[in-house]
Amino acid sequence: MSTTSGSRKPAGRAAQLTRAAALHQRAREAVGGYRFGRGRALLDDALAVLDSLGADDAASAALRVRILVSLAYAEAEAGSPAVGLDRLASTGEHLARLPPGPGRAALDGLVLTHRGLLLHRAGRIGEGLALFDEAIPRLATALASGVGDPVVLANTYLNRGRAYIDLLQTGSAIDEFLDCVRLCERHGLDQIAAKAHHNIGYVAYMTGDMPTALRHYDEADRRFQAFAPSLLPTARLDQARALLVAGLAERAARQLDDMFPRLRRQRVSQDLAEAEVTRAAAALLDGDVAGARRWARSAERRFARRDNDRWAAIAALAGMRAETVTALASGRISTTLVESLVKLADRLRALLLEDETALALLLAIRLELRRDDRQAALLLLDQVPRPRATSPVDHLMLRRLCRAELAVAEGNTRAALAEARSGLAELGRARDRMGGLELVCGTAVHGRELGELAIRLVLEAPRTNARVLFGWLERTRAQVYRYEPMPEIDDPVLSEKVTELRSLTRTVQLERVAGRTVERVARKAASVEREVLRQGWYASRWGRPRPVAGFAEVADALGDRALVAFATHADELIAVVVTASRARLVRLGSAGLAAEAATRFHADLDALAPDGLPGALAEVVARSAARTAGELDRQLIRPLSAALDRDMAAAARALDTQLLRPLWMETGGRELVVVPTGALYAIPWGSLPSLSGCPVVVAPSATAWLAAERSRSSGERVVLARGPLLTEEIAEEGPLQTVYPNAVRLSGTASTVSAVLAALDGADVAHLAAHGAHEPTNALFSRLELADGPLFAHELSRLRQPPGQIVLAACELAMSHIRPGDEALGFAGALLAGGVRTVVAAISRVGDLAAATAMIGYHTKIAAGVRPAVALAEAVAEDPLRRPFICLGSG
């Protein structure tokens, strides 16, 4: 048989159908990998093969429907849902060629579920849900007949569950996801089961149960890494949203930033735009208003190109929220912005977005109040939808703030404070469900403005009531320390990851010492640290909250001591001085100047610390440090003398010490409990001239101090542990063995993490001489270096029976990372939160010789029965600028 050049014998119909089916499968794989362009090209090729066969029979018609459905999905994801819906409409004529039966039912269900999915993506949720309802019985019938595809039915359960989520029908959503999980278990569909678990986590996120949400997200994350890496960005987007609820804007932003390159490579415009909206929220929470506006505008453009009105409106709201923050900060309130927010609220209400509608109106209310248009604000307030069980906590706080500001505008301070009180109580209930220490700590950011308003109102009252102000300070600061520690949770997965992190961190240190490249191992260590952190969010739950300490119980517990609680309002620094009989407010001038001096003092002490500092240089630095200490003393301590005044002779008899200095006597001779704020956390108070020799205890709040004061250690064991790489100047080990002849001693290769932790559990006093590092970006990973690697604060905070007292003899491990709400958390802070009664540590760098000398003197007095704060005051007073130790908790 002769043919023309280049022609080939036509293949049989069955072979061509097989070829078209193979092209379809390759296209589905490409689309599943977010290679939409490649997928569409393969699908066009498959359709061309079918076209070459002439009129469709049942087999080719069925295959054509499947190919068109895949093409509709690819076109919708790469373009807009409208394009995909048009493509799906073309399947009708091909479906009509198929005879009734299970095969036709399976294809009908396939088309219906994809049409429902695209309508849902376009924001037409009710229409999409109705189509899912139609599709599921057909798909289930076909599957029961042995014809259908379990993957299609499982995905339809998922999609119907997501529609219920958007309609806030969380119970129905959970039912759908559980049906999906059961179907997946019967048919071995691991990837889809991971999606179902992820969605269960999302429902928990909606209802405020962040630990459960993060646990399911983490489980889904592991499954996606194993079965569907391309889906990781979507999973981590929802993790970032949960972190924002917990107030961890920086962590959420970092997670999103790591995800953007993959989202751009995958060309999934919907997911990318949703991530940009979330990134805008993270930027705004972190104070980056310009960045928030930029991210929101980018997202709005992407949604507009996809004709997704629902999400475009949400992105527009994110941008206007940033504009509102700018307007409120500048005081320039435009009518246009208010009108735009009201119009946007109408648009959001039409899209059934009630929480977003409320947010737009609340922003407009704040602007109207700033413009002194109380009547307009009242009219808008009447239009705000009532909050629901799933309303975000930041929306609830904004509602309370608006009502409080409206009460202020009406001259009703009492009502404003009542709103603030109720709002902070509401925030506290949300915090109680947060679980991990870092989540509890971060939540305070959402109540920041409400707390600031309450404190401003109290300070601006004609006669400021110091007791009332004290109460508000306790409600708004260091709430993380209110939670009772729980016994150690046995989580083998978390323990394994912490061990791996310790090994990797140790390897990085040794490789750096050897001068070798560590980039690969360091990246691995950073990755494992992120895993440990994620698991810690839900595996390390904390106990029930203690009530906020009241003035009367704090005053009663103080006895002859005084508590000084520092706080700031705008640029004003204030102190509330509490004694057994009264509370007094002292105004201390510029907060900015005090913070600058505290930072400078800390830098001077760091520079003065090295043992081998040349004499001339040491003298220059010491003079600078002394000058700055004098500045701080004059601003922070001397103005308190009138509030602290009492009978000097009685003070001397009560304290039974001969180290009272004249300047300390000027402040009344009292022992002090100091509650710092912001940069003042970096001050070693015993280094200030007026407090030389004065027993000072530092606490993050009066509530935290009272809890530590009331706790008691039942242990009797003394632990002396020494880490590696300490210089010979650290010579306290021998003398301390004389002071504590029966102590448990761990040094050299015996000072492993497991051995030290075992010794610490149930001890009375523990002295840990080891190099360490404060990690400002993640306080729970501040560490002590031991023989087999770092001991993390995360591990010390979970002891079953914490020691009564821990002394950290080297480095600046009293440092804290200060979050909004004066939530101070670091290595020492994690110990206090974990139940340790007293922590003695350096607030800045300390020389080895100075540390050793101070610690020998300190422990000699402790062994003789002297209380920690008194013993430390005497030790520090001998060389105050080189011994920057503080006593935290109870003294």
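Parameters at a glance
Residues numbered from 1 in each chain as written. Predicted model: local features only at pLDDT ≥ 70, side-chain atom pairs only at ≥ 80, totals over all residues. Heavy atoms only, no water. Helix = DSSP H or I, 4+ residues; strand = E, 2+ residues; numbered from the N terminus. Buried < 20%, exposed > 50% of the residue type's maximum accessible area, 1.4 Å probe, protein only. Contact = heavy atoms within 4.5 Å. Areas by Shrake-Rupley, 256 points an atom, 1.4 Å probe, with all protein chains shown as cover. Pairing = 2+ DSSP bridges. Arc of directions from axis to C-beta. Core = buried A, V, L, I, M, F, W, Y, C linked by side-chain atoms within 4.5 Å. Phe/Tyr/Trp six-rings, centres within 6.5 Å; stacked < 30°, edge-to-face > 60°. Axes fitted to C-alpha atoms, helices over the stretch in contact; angles between N-to-C directions.

Asker: Explain the overall build of the chain to me, please; I cannot follow it from the model alone.
Answerer: Each helix and strand counted, the chain has 39 helices and 16 strands in total. Here the chain, with 891 residues, has 58% of them falling under the buried criterion. Partitioning the intrachain contacts of the chain with sequence separation of at least 6 by distance along the chain shows that 73% fall at a separation of at least 24. Put simply, the chain shows about 35700 Å² of open surface, and 51% of that area lies on carbon and sulfur atoms.

Asker: What should I look at first to understand the pairing of strand β4 (residues 672-675) in this one?
Answerer: Remember that side chains alternate between the two faces of the sheet whenever the strand is regular. Of the two faces of β4, the one lined by Leu672 and Val674 and the one lined by Val673 and Val675 are each fully buried. Here strand β1 (residues 562-569) runs beside β4; their pairing, made up of 4 bridges, is parallel. Bridge pairing in β4 places Val564 opposite Val674. Bridge count between β4 and strand β5 (residues 696-698): 3 bridges; the pairing is parallel.

Asker: Mind showing me how you'd approach the environment of Arg64 here?
Answerer: Tracing the backbone shows Arg64 in helix α3 (residues 58-78). Relative accessible area serves as the criterion here: at 8%, Arg64 is assigned to the buried category. Separated by 14 residues in sequence, Arg64 and Leu50 place their C-alpha atoms 7.4 Å apart.

Asker: Looking at this structure, I do not really get helix α35 (residues 753-760). What am I missing?
Answerer: Every α-helix carries 3.6 residues per turn, so stepping three or four residues along brings you back to the same face. The complete set of buried residues in α35 reads Val753, Val756, Leu757, Ala759 and Leu760. Here the buried residues of α35 occupy an arc of 165 degrees about the axis, which is enough to place them on one side. Opposite the buried face of α35, by more than 90 degrees, sit the exposed residues Ser754 and Ala758. Following α35 by one or two positions, Gly762 has its phi on the positive side, about 90 degrees.

Asker: I would appreciate a short explanation of the nonpolar core in the present structure.
Answerer: The tendency in soluble globular proteins is for nonpolar side chains to be buried as a group. Core analysis: the biggest nonpolar cluster contains 181 residues, and Ile365, Val554, Leu563, Val578, Tyr858 and Phe885 have the highest contact counts within it. Ignoring sequence-local partners within four residues, the contact set of Ile365 consists of Ala377, Leu380, Leu381, Val384 and Cys402. Ala575, Val674, Ala766 and Ile843 belong to the second-largest nonpolar core, a separate cluster that totals 75 residues.

Asker: Explain the packing of aromatic side chains here, please?
Answerer: Taken as a whole and judged by the stated rule, the model has 5 aromatic pairs. Here the aromatic rings of Phe303 and Trp311 are separated by 5.4 Å at their centres, their planes lie at 25 degrees, and the arrangement is stacked. Assessed through its relative accessible area of 0%, Phe303 is described here as buried. With a centroid separation of 6.3 Å and an interplanar angle of 80 degrees, the aromatic rings of Phe470 and Phe551 are classed as edge-to-face.

Asker: Looking at this structure, how should I read the sheet that holds strand β2 (residues 572-578)?
Answerer: Strand pairing in a sheet is mediated by backbone hydrogen bonds. Such pairs are either parallel or antiparallel. Strand order in the open sheet formed by 11 strands is β3-β2-β1-β4-β5-β16-β15-β12-β8-β6-β7, and the pairing between neighbours is mixed. What marks the edges here is a single partner per strand, and that holds for β3 (583-590) and β7 (744-746). Sheet twist, expressed as the average angle between the axes of neighbouring strands with direction ignored, equals 20 degrees. In the packing of helix α28 (residues 591-608) onto the sheet, the strands contacted are β1, β2 and β3, and the crossing angle to β3 comes to about 75 degrees.

Asker: Would you mind showing me how to read unusual backbone geometry here?
Answerer: Glycine aside, negative phi is the norm for most residues, and most peptide bonds take the trans geometry. Positive phi is not limited to glycine here, since Asp307 has a value of about 60 degrees. Tracing the sequence through the fold places Asp307 in the loop between α15 (289-305) and α16 (309-330). Residue Asp307 is classed as partly exposed on the basis of its relative accessible area, which comes to 45%. Residue Asp372 is not a glycine yet carries a positive backbone phi of 65 degrees.

In short, shape yes, function no, at least from these values alone.
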